[in-house]
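Each chain is listed here by its residues.
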Amino acid sequence: MTRVVFMGTPEFAVPSLRALLQAGYDLVAVYTREDQPAGRGQRLEASPVKRYALAQGLPLRQPRSLRTPDEQAALSDLAPDLMVVAAHGLILPQAVLNIPRKGCINVHGSLLPRHRGASPIAAAILAGDKEAGVSIMLMDAGVDTGPILGLRGLPIAPEDTTGSLTTKLAGLGAELLVNTLPAWIRGDLVPQAQPEEGVTVSPRIAKEDGRLDWSEPAELIARKVRAYQPWPSAFTTWGGQTLKVLRARAAVRTAGEPGVVIAGGRGTAGVATGDGIVWLEEVQLAGKKVMPIGAFLAGAKGFVGSTLG
């Protein structure tokens, strides 16, 4: 039986871990990031991978780094045939990549070499891509630069957010992973080098990236609303308070100075941009609940005609 070490942290990684378990691989350890502070109370919260591993009784490890000799020795003592990595969140040094005899396999949420890096799914939405996908890659010392073992794509729906697309790609990646591994383990699969053309890099998203600039085109702003949902959420300010924009759509229409809120039909409102208008569909004022725009307008006196941001 193939001995596998799995490394992953967010919800994206859970279907791949589940698929390996269901396929009968010997999961000798699951590695995930340390518990992170979350919520208003900043209490430490276990990662989705940790919660799943504990529920299944899998051996769990949460080292702060994999660069120390002690951690590398502990990993080597597990004698893994293979390591599978899915959005783990730690850089793997070459000494770690050298440990499993069949290498380290990565489940990456893009069609490589497009959108290498930390935020490939959000990057696909931001770029206006028509298609997203997953890559099964043999890891090397670079950032998502290793040769490809398998690719599979799917169309990005007009209403897809990073949250909904992540769910789709996580399932697709898990399926592609377990369909690819048998041939790789048998030695029947030849890795294909990534093409040199078409490389893009998606940096890690920061909270401030969600701040909307109304001088940008409406189409880009609407994509940002989708790309930054569920985190960090697209946001602006109104009357000195943070206003999250959770759903919106773009329209080609001249509307006036960027940031000015205009009335639409009954119970609707939009915001003028540098090119076109963004119709607001669902918003959330700081400290308040999420509201459809019609309900929000009913209690937001002075909103129409104000300037956001």
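Please refer to the structure placed before this passage.
None of these values were measured; they are calculated from a predicted model.

### Section: the pattern of salt bridges
Alright, step 1. By the definition in use, this model includes 13 salt bridges.
Alright, step 2. For Asp129, the salt bridge is made with Arg114, and the minimal N-O distance between the two is 2.8 Å. With Asp129 in the loop between helix H5 (120-126) and strand S9 (131-138) and Arg114 in the loop between strand S7 (104-108) and strand S8 (116-117), the pair connects residues that are 15 residues apart, well separated along the chain.
Alright, step 3. Taking relative accessible area as the criterion, Asp129 reaches 15% and is therefore assigned buried.
Alright, step 4. Here Arg186 and Asp188 are joined by a salt bridge, their closest N and O atoms 2.8 Å apart. Across this residue pair, the class does not change: Arg186 and Asp188 are exposed.

### Notes on the pairing of strand S12 (residues 234-238)
Alright, step 1. Where burial is concerned, most of S12 is hidden: 4 out of the 5 residues are buried.
Alright, step 2. Strand direction decides the pairing type here: S12 and strand S13 (residues 241-251), joined by 5 bridges, are antiparallel. The residue bridging Ala234 from the neighbouring strand is Val245, located in S13.
Alright, step 3. Where S12 folds back onto S13 in an antiparallel hairpin, the turn is made up of 2 residues, including Gly239, whose phi is positive at roughly 60°.

### Some thoughts on unusual backbone geometry
Keep in mind that most residues, glycine aside, have a negative phi and that most peptide bonds are trans.
Alright, step 1. Each neighbour pair has its own omega, and for Gln229 with Pro230 the value is 20°, a cis peptide bond.
Alright, step 2. Mapped onto the fold, Pro230 is located in the loop between helix H7 (218-227) and S12.
Alright, step 3. For the bond running from Trp231 to Pro232, omega is 5°, close enough to zero to count as cis.
Alright, step 4. Structurally, Pro232 is set in the loop between H7 and S12.

### A short note on the packing of aromatic side chains
Alright, step 1. Within the structure shown, the criterion is met by 3 aromatic pairs.
Alright, step 2. Geometrically, the ring pair formed by Trp238 and Phe296 is edge-to-face, given 6.0 Å between the ring centres and 70° between the ring planes. With a gap of 58 residues between them, Trp238 in strand S12 and Phe296 in helix H8 (residues 293-299) connect regions that are remote in the sequence.
Alright, step 3. Judged by relative accessible area, which is 15%, Trp238 ranks as buried.
Alright, step 4. For the pair Phe296 and Phe303, a centre-to-centre distance of 5.1 Å together with 90° between the ring planes defines the contact as edge-to-face. Both residues of the pair, Phe296 and Phe303, count as buried.
Alright, step 5. Through a chain of ring-to-ring contacts, three or more aromatic side chains come together here, namely Trp238, Phe296 and Phe303.

Thresholds applied
- Residues numbered from 1 in each chain as written.
- Predicted model: local features only at pLDDT ≥ 70, side-chain atom pairs only at ≥ 80, totals over all residues.
- Heavy atoms only, no water.
- Salt bridge = Lys/Arg side-chain N within 4 Å of Asp/Glu carboxyl O.
- Helix = DSSP H or I, 4+ residues; strand = E, 2+ residues; numbered from the N terminus.
- Buried < 20%, exposed > 50% of the residue type's maximum accessible area, 1.4 Å probe, protein only.
- Pairing = 2+ DSSP bridges.
- Phe/Tyr/Trp six-rings, centres within 6.5 Å; stacked < 30°, edge-to-face > 60°.

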